[in-house]
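Results of the structural survey
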Amino acid sequence: MAAPPDMALSPTLSLELLPTDPLLLILSFLDYRDLVSCCYLNRRLNQLSSHDPLWKRHCKKYWLISEEEKSRRNQSWRAIFISTYSDLGRYIHYYATLKKAWDDLEQYLGQWCPRMISSLKESVREEDLDAVEAQIRCKLPDDYRCSFRIHNGQKLVVPGLMGSMALSNHYRSEDLLDIDTAAGGFQQRLGLKQCLPLTFCIHTGLSQYMALESVEGRNKYEIFYQCPEQMARNPSTIVMFITGTSYLEWFTSYVNKVVTGGYPIIRDQIFRYVHDKDCVATTEDITVSVSTSFLPELSSVHPPHYFFTYRIRIEMSKDALPENACQLESRYWRITNAKGDVEEVQGPGVVGEFPVITPGKVYEYTSCTTFTTTSGYMEGYYTFHCLYNKDRFFNVTIPRFHMVCPAFKVSTA
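Residues numbered from 1 in each chain as written. Predicted model: local features only at pLDDT ≥ 70, side-chain atom pairs only at ≥ 80, totals over all residues. Heavy atoms only, no water.

Looking at an unreviewed UniProt entry, one finds the protein named FBX3 protein and attributed to Prunella himalayana. Database annotation for the protein, UniProt heading Pathway (unreviewed entry): "Protein modification; protein ubiquitination." (UniProt positions renumbered as here; feature names shortened; annotations may be inferred.)

Structure representation (structure tokens):
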């Protein structure tokens, strides 16, 4: 069948005849790999794909390069992308997420925990990470390596970057280990085979470990606290309280909790109390809110003993009348475990104190409880008496707050 006369006479469409602006617009939607491929198709696409503004988006997306940094480096966007890729290309799917997490954390620490900034160590080189892999004869995950190309963990100091916890007779503060210290703690013993410590607390000896292989019932790259199996004859048998499925998820979720105010700052330290925003109750002018935390180092699965600490904040509205000032007289608790067993506790004051609450004043205290089940909840009330009318007593509601143990596994060692 013959082609229509108008088609037969039309010139062949050529890439060389297409205008530049539409082609650049099309190229601006390509990923960096496709943009590089265009360089090898023909001369025209090679010239267009080298157009510097096309690489600005990729520099910002993958390497978080700002206009200020570009000016400081005095290079084109394309040159910056290529040079950065040659150094960090294997981490291109992790770098932007981890760099942003580190940048957000540093900015937050600079404002709220400035002395912690000086404990952060500079980045390590690629060959340093390769040397560690040769030393432990095990591959490190790329997200872990990428993080250490940004910061080599922390010096062994207090306060620890990975959070603190304090009770009257117990204290811990976890440091994020540098790569050499972590490698020195690499485990090959039964129960912790192929496990690399990520953190360390000099007060408790506590570490969070990352499994570098799927052995002894662990998933590869799973992160956990170890807990000795107290009922086992074999001391190497441990229970693992799971805290992350990968380094990227573990680190970025922690940073997000910190920088969004999910963890309180107390005396220039990050305290790992989790606050449920719905866990707040207001009675008259007094508001009570609660934060909780699970302590793995004081817990065991066999025998079942799950240790939780909670921090309570009691605050009187600053708009309250001065004559509403009052003093805490007593407390009442109703404690319920996962089986529905209920325990009631009454007593004078809180932690041996009888705080006075006045308009705008905040009183906070920390206490703890244990469950024989993996979860439970508490609720109750405080009884106050008015300072200017001592015959008047009233109850202030403590909102129900839940405590849940992390998922755990038993080692198959």
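Still more ground to cover, so stick around.
A few words now on the packing of helix α8 (residues 95-112) against helix α13 (residues 247-259). The relative placement of two packed helices comes down to the angle between their axes together with the axis-to-axis distance. The geometry of α8 relative to α13 is characterised by a closest axis approach of 10 Å and an angle of 30° between their N-to-C directions. Here α13 runs roughly parallel to α8, going by the angle between their axes. Once α8 is placed against α13, the crossing between them reads as left-handed. For the pair formed by α8 and α13, the contact residues are Thr 97, Leu 98, Ala 101, Trp 102, Asp 104, Leu 105 and Tyr 108 on the first element and Tyr 247, Leu 248, Phe 251, Thr 252, Val 255, Val 258 and Val 259 on the second. (Axes fitted to C-alpha atoms, helices over the stretch in contact; angles between N-to-C directions. Helix = DSSP H or I, 4+ residues; strand = E, 2+ residues; numbered from the N terminus. Parallel < 35°, antiparallel > 145°, perpendicular 65-115°, else oblique. Left-handed = near helix turned anticlockwise from the far one by under 90°. Contact = heavy atoms within 4.5 Å.)

This paragraph deals with the domain arrangement of the protein. Taken domain by domain, the protein comprises domain 1 (19-90), domain 2 (96-257) and domain 3 (274-406). Computed over C-alpha atoms only, the centres of domain 2 and domain 3 are separated by 33 Å. With 15 residues of domain 2 in contact, the opposing surface of domain 3 contributes 20 residues. At the boundary of domain 2 with domain 3, total buried surface from both sides reaches about 1,300 Å², with 74% on carbon and sulfur atoms. When the buried surface of domain 2 facing domain 3 is broken down by residue, Met 165, Leu 167 and Phe 241 rank first, second and third, together holding 38% of it. The interface formed by domain 2 and domain 3 includes 1 salt bridge. (Domains from an automatic or database assignment. Buried area = accessible area lost by both parts, 1.4 Å probe. Salt bridge = Lys/Arg side-chain N within 4 Å of Asp/Glu carboxyl O.)

Bringing the UniProt feature "domain: ApaG" (unreviewed entry) in the protein into the picture now. Feature annotation in UniProt places "domain: ApaG" (unreviewed entry) on residues 280-410, given in this structure's numbering. Along residues 280-410 the backbone is 0% helical and 63% strand, and the end-to-end C-alpha distance reaches 36 Å.

Now for the environment of Gln 135. Structurally, the position occupied by Gln 135 is in helix α10 (residues 126-136). On the accessibility criterion, Gln 135 (52% relative accessible area) is exposed. With 49 residues separating them along the chain, Gln 135 and Gly 184 place their C-alpha atoms 9.3 Å apart. Setting aside residues no more than four positions away along its own chain, Gln 135 makes contact with Ala 183 and Gly 184. (Buried < 20%, exposed > 50% of the residue type's maximum accessible area, 1.4 Å probe, protein only.)

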